[in-house]
Amino acid sequence: MANVGIVGAGLGGLSAAIHLASSGHDITVYERNATAGGKASEISSGGFRFDTGPSLITMPFVLRELYDAGGAEEDERVELLPVDPICRYFFDDGTVLDAASDEQAFCAQVAALSPVDTDAVSRFLDYSQRIYELTSDIFLFHSLTDLKSLLRWKHVKTLLRLPQIDAFRTVHEGVQSFFHDDRLVQLFDRYATYNGSNPYTAPATLNIIPYVEYRMGGYYVRGGIYALVRSLVQLAEKLGVRFHYETTVEAITTKHAVVQGVRTESGIRTHDAVISNADAVYTMTTLLEGSRQAVASKKHHYETLEPSCSGLVFLWGVRGRRDALAQHNIFFSGNYAEEFEDIFVRHIPPADPTVYVSITARVDEDHAPEGCENFFVLVNMPYLTEKNRDYDWAGYRDSVLSRLQQAGVDIETDIVYEEMITPADLEQRFNANRGSIYGISSNSRNAAFLRPSNRIRKPRGLYLCGGSAHPGGGVPLVLLSGKLAAEAVMR
Ligand SMILES: Cc1cc2nc3c(=O)[nH]c(=O)nc-3n(C[C@H](O)[C@H](O)[C@H](O)COP(=O)(O)OP(=O)(O)OC[C@H]3O[C@@H](n4cnc5c(N)ncnc54)[C@H](O)[C@@H]3O)c2cc1C
């Protein structure tokens with residue numbers, strides 16, 4: 001039985017804890033905040049309740065597998081509710097399109113919008129599915145540094161089939177080759193942002209995401225996404241995991257290139273292995289003992305990994321009900337290419353933003369007082385740089401409100417509760433590298449191979465999980481990363 005310390009109670013850390021504890025290992029989790037969940041947090045105030053991070057969950061089988069591994073009873077699992085329409089899209093030209101969860105219904109909507117693209121959605125989803133089938137086993141369900149796994153013949157075959165997984169075009173080029181209508185190109189380009197990447201530079205392999213969402217489904221958790229965090233903490237505790245909240249790990253200590261344990265305010269705690277669920281770049285450049293010297297002598301590449309985009313969140317309690325809105329809504333900018341130039345090239349808040357709005361009170365009525373709704377509003381933002389660090393985020397509010405107003409959604413005078421979460425807040429609260437939402441971006445063809453792996457070779461005994469480690473960001477992938485890190489510890 002190993003005695004394992006886990007730094008961080010984000011979803012990746014919770015997944016690792018459950019996988020290890022269910023195999024009989026002795027697990028201690030250190031979390032600097034007062035509650036678990038990390039970026040998947042919640043706020044309740046003034047009769048309103050908001051999830052402050054994820055609002056849509058995909059790949060439900062990953063969660064099922066985690067519950068199964070932990071031996072969760074039926075009543076210990078959250079209820080996943082299919083979202084329909086998956087999203088309502090408001091385009092800059094005034095067009096509104098519902099992406100129905102039923103593929104035929106979605107195709108019918110697309111046919112009405114752009115008759116020439118009638119068959120394109122199904123053809124695109126077939127292509128997306130093909131990439132998923134070719135890549136998921138090697139890129140999602142196994143560790144890329146597990147040599148034995150890489151040498152399996154089917155994985156070697158995948159690597160030999162790089163052109164078939166569309167790694168040589170960008171997401172945008174891939175999407176554009178299927179659709180004539182620019183609005184549909186914008187809609188499917190958007191999926192690159194599901195791991196915080198730029199559709200104009202990220203490899204078209206990321207075009208697997210629409211398959212995952214449309215053919216496996218998009219889900220909301222009854223009671224709010226935070227109910228998922230609560231259920232995983234309870235399951236972990238039942239398996240004997242110990243949680244130390246408000247306990248910052250100051251360093252991961254080592255001796256002769258082997259991990260010894262962690263140092264907190266109350267001293268050094270020894271562990272056979274340490275899994276860091278904190279951001280991988282932060283872990284390898286700050287938290288790991290001796291890492292600052294390694295950075296200074298340029299001994300590793302972690303600082304050169306491009307973070308994913310960040311985000312600006314407004315939590316608005318709004319009087320009245322806007323019938324024009326669905327549970328999930330996107331208000332697209334007029335020029336998507338310019339928006340990503342602002343975010344990833346100029347590193348400035350987009351002059352013309354795309355705005356996402358999710359309203360959980362549409363399903364859970366008690367998330368807002370009677371006659372009101374809870375608006376979770378997210379705008380993609382550049383990761384923090386010296387240039388944008390002191391930006392006046394509050395001043396950006398007007399750009400967001402006017403994007404909604406342009407689509408006929410006028411809420412400004414009805415906002416009765418308000419909270420803002422900035423990129424700097426994400427950095428400060430969760431040690432998210434430069435405020436990134438998803439960890440590392442996938443903006444280049446080799447990003448998947450440069451992504452920090454779940455097992456660090458030196459020092460021995462250090463493992464990574466979470467959005468910035470393999471296989472990447474977003475709820476299902478960080479749950480998988482926790483599983484891969486746990487498996488690596490057990491190996
Ligand atoms: C606004 C927003 C919207 C999102 N929307 C979606 C969505 O709709 N769907 C989706 O799938 N994903 C979404 N995501 C992404 C998803 O939330 C993340 O990928 C996921 O929650 C990250 O989990 P993680 O395991 O990487 O841990 P994190 O959430 O990064 O947690 C790491 C934990 O480590 C702790 N920690 C850090 N340093 C230390 C230290 N030194 N000592 C002790 N503890 C430490 C932190 O406090 C934190 O609790 C969204 C994220 C945000 C912010």
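Scroll up for the structure.
Residues numbered from 1 in each chain as written. Predicted model: local features only at pLDDT ≥ 70, side-chain atom pairs only at ≥ 80, totals over all residues. Heavy atoms only, no water.

### Describing the overall build of the chain
- A tally of helices and strands in the chain yields 17 helices and 19 strands.
- Scaling as 2.2 N^0.38, a compact globule of 491 residues should have a C-alpha radius of gyration of about 23 Å, and the chain matches this with 22 Å.
- When the backbone C-alpha atoms are referred to their principal axes, the chain occupies close to 65 × 55 × 50 Å.
- Burial status across the chain gives 62% buried among its 491 residues.
- For the chain, long-range pairs separated by at least 24 residues make up 72% of all intrachain contacts whose partners lie at least 6 apart in sequence.
- Split by element, the accessible area of the chain, about 19,600 Å² in all, is 49% carbon and sulfur. (Helix = DSSP H or I, 4+ residues; strand = E, 2+ residues; numbered from the N terminus. Rg over C-alpha atoms; globule rule 2.2 N^0.38 Å. Buried < 20%, exposed > 50% of the residue type's maximum accessible area, 1.4 Å probe, protein only. Contact = heavy atoms within 4.5 Å. Areas by Shrake-Rupley, 256 points an atom, 1.4 Å probe, with all protein chains shown as cover.)

### Some words on the sheet that holds strand 14 (residues 310–319)
- Read from one edge of the open sheet, seven strands run 7-6-15-16-17-14-18, paired in mixed fashion. This sheet does not close on itself; its edge strands, each paired only once, are strand 7 (96–99) and strand 18 (415–421). Geometrically, the sheet is characterised by an average inter-axis angle of 20° between neighbouring strands, direction not taken into account.
- Here four bridges tie strand 6 (residues 87–90) to strand 7, and the two strands are oriented antiparallel to one another. Opposite Cys87, over in strand 7, you have Ala99 as the bridge partner.
- Set on the sheet, helix 14 (residues 397–406) makes contact with strand 14, strand 15 (328–331), strand 16 (355–358), strand 17 (372–381) and strand 18; between it and strand 14 the angle comes to about 60°. (Pairing = 2+ DSSP bridges. Axes fitted to C-alpha atoms, helices over the stretch in contact; angles between N-to-C directions.)

### Considering unusual backbone geometry
- Following Asp84, the chain continues into Pro85 via a peptide bond in cis, with omega recorded as -5°.
- Locating Pro85 in the fold gives a position in the loop between strand 5 (80–82) and strand 6.
- Of note, the bond from Lys458 into Pro459 is cis; its omega dihedral lies within 30 degrees of zero at 5°.
- Counting through the fold element by element, Pro459 comes out in the loop between helix 16 (447–450) and strand 19 (462–464).
- Of note, the phi angle at Arg434 is positive, near 55°, even though the residue is not glycine.
- Positionally, Arg434 belongs in the loop between helix 15 (423–430) and helix 16.

### Thoughts on the site of the ligand
- Residues in close proximity to the ligand total 39 residues, the closest being Gly12, Glu31, Lys39, Gly467 and Val475.
- The contact in question runs from an oxygen atom of the ligand to an N or O atom on the side chain of Asn33, over 3.1 Å.
- Coverage of the ligand by the protein amounts to 95% of the 1,000 Å² it exposes when considered alone.
- Looking at the shell around the ligand, the elements with two or more residues in it are helix 1 (11–21), helix 11 (280–287), strand 17, helix 15 and helix 17 (475–490).
- Looking at which element gives the most residues to the shell around the ligand, the answer is helix 17, with three residues. (Near = heavy atom within 4 Å. Polar contact = N/O pair within 3.5 Å; in protein donor to acceptor, adjacent residues only side chain to side chain.)

### Here's the deal with the nonpolar core
- In this structure, Tyr89, Phe179, Tyr214, Leu228, Leu232, Ile275 and Trp316 are the most contacted members of the largest nonpolar core, which totals 143 residues.
- Residues from two domains meet in this core; each of domain 1 (3–39 + 223–305 + 451–490) and domain 2 (105–216) gives at least three.
- Residues contacting Leu228, with those up to four places away along its chain left out, are Leu11, Ile57, Leu63, Tyr67, Val78, Val221 and Val475.
- Core analysis: the next-biggest nonpolar cluster, separate from the first, contains 21 residues, Tyr282, Leu287, Ile440 and Ala469 among them. (Core = buried A, V, L, I, M, F, W, Y, C linked by side-chain atoms within 4.5 Å. Domains from an automatic or database assignment.)

### Re the sheet that holds strand 1 (residues 3–7)
- As summarised here, the arrangement of the five strands in space is 9-2-1-13-19, forming an open sheet in which the pairing is parallel. Either end of the sheet is taken by a strand with one partner, and the two such strands are strand 9 (242–244) and strand 19. Strand-to-strand twist in this sheet, taken as the mean axis angle between neighbours without regard to direction, amounts to 20°.
- Inspection of the sheet shows strand 13 (residues 273–276) paired to strand 19 by three bridges, in the parallel sense. Residue pairing for strand 19: Ser276 is matched across the bridge by Leu464.
- Across the sheet, helix 17 is in contact with strand 1, strand 13 and strand 19; its angle to strand 19 comes to roughly 160°.

Just geometry here; none of it tells us what the structure is for.
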